[in-house]
Amino acid sequence: MTEIALSTARIIAEGALEHARKSGFKPMAVAIVDAGGRLIAFNRDDGAAPGRFELALAKASGCVMLGVSGRALAALNASNPGVVTAAGAAFGGKLFPAAGGVLLMDGNGAVIGGVGVSGDAPDNDEKAAVAGIERAGLAYQA
């Protein structure tokens, strides 16, 4: 698989939101991007704050653009915030260094896209993203 179909992206989004609801997480937003960081699908729960779209998109896009998970970006930001700030500026602000950004991988380990979830604590955002990806049967790097 080298690209993510819209139908697959919708499965990921719905799986993430369903997991969040069942787990009692706050209302969430989910963005799925392709390997170039372009939005494929977006969905959000009723009650999710309006700014959650931009945060979810920034988590997904930032991961894809740098080829690392949101958790790895958070660690980089802690050790070298200037690099993350510069990258965020280069990407027009589409970089949010926090858990909840997860890379989608093909069977050979190549990045084929990313998922960003925002709405609850970063660890819960990541759990929802992973649940959606697993529902779609794809590989990932969190």
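What you are looking at is a predicted structure, and each value in this text was computed from that prediction instead of being measured.

So, on to the nonpolar core. Of all hydrophobic cores here, the largest spans 22 residues; its most connected members are Val-30, Ile-32, Leu-104, Val-115 and Val-117. Of all the secondary-structure elements, those providing two or more residues to this core are helix H1 (6-23), strand S1 (29-34), strand S3 (101-105), strand S4 (111-118) and helix H5 (122-136). The element contributing the most residues to this core is H1, with six residues. If near-sequence neighbours (up to four positions away) are discounted, Val-115 is found in contact with Ile-12, Val-30, Ala-31, Ile-32, Ala-60, Gly-100, Gly-101, Val-102, Leu-104, Ala-129 and Ile-133. One finds Ala-56, Ala-60, Leu-103 and Met-105 within the second-largest nonpolar core, a separate group that totals 11 residues.

This part is about the packing of H1 against H5. Contact pair H1 / H5: the axes reach a minimum separation of 7 Å and the direction vectors enclose 135 degrees. As far as their axial angle goes, H5 and H1 are oblique. Of the two elements, H1 crosses H5, and the hand of that crossing is right-handed. Listed contacts from H5 to Thr-8, Ile-11, Ile-12, Glu-14, Gly-15, Ala-16, Glu-18, His-19 and Ala-20 of H1 are Lys-127, Ala-128, Ala-129, Ala-131, Gly-132, Ile-133, Arg-135 and Ala-136. For the contact of H1 with H5, a count of residues per class yields nine nonpolar, four polar and four charged.

Scoring rules and cut-offs
What you see as residue numbers is a count from 1 along each chain, following the sequence as written. Local features in this predicted model are restricted to residues of pLDDT 70 or higher, and side-chain atom pairs are both shown and tallied only at a pLDDT of 80 or more, whereas totals for entire chains, interfaces and linings draw on every residue. Values shown for side chains rest on all heavy atoms present in the structure; no hydrogens or waters enter the calculation. Definition of nonpolar core: a set of buried residues of the types Ala, Val, Leu, Ile, Met, Phe, Trp, Tyr and Cys, connected through side-chain atoms within 4.5 Å. Summary of the burial criterion: residues with accessible area below 20% of their type's maximum are buried, those above 50% are exposed, and those between are partly exposed, where the area comes from a 1.4 Å probe applied to protein chains only. Where helices and strands are cited, they refer to DSSP runs of H or I of at least four residues and of E of at least two residues respectively, numbered from the N terminus. Should any heavy atoms of two residues lie within 4.5 Å, those residues are considered in contact. Note on method: axes are straight lines fitted to C-alpha atoms, helices fitted across the in-contact stretch only, with angles between N-to-C directions ranging 0 to 180 degrees. Working definition: roughly parallel below 35 degrees, roughly antiparallel above 145 degrees, roughly perpendicular at 65 to 115 degrees, and oblique for all remaining angles. Handedness of a helix crossing follows the sense of rotation of the near helix relative to the far helix, less than a right angle counterclockwise being left-handed and clockwise being right-handed. Only Asp, Glu, Lys and Arg are considered charged in this grouping, and only Ala, Val, Leu, Ile, Met, Phe, Trp, Tyr, Cys and Pro are considered nonpolar; every other residue, Gly among them, is considered polar.

Without other data, these values stay purely geometric and don't point to any function.
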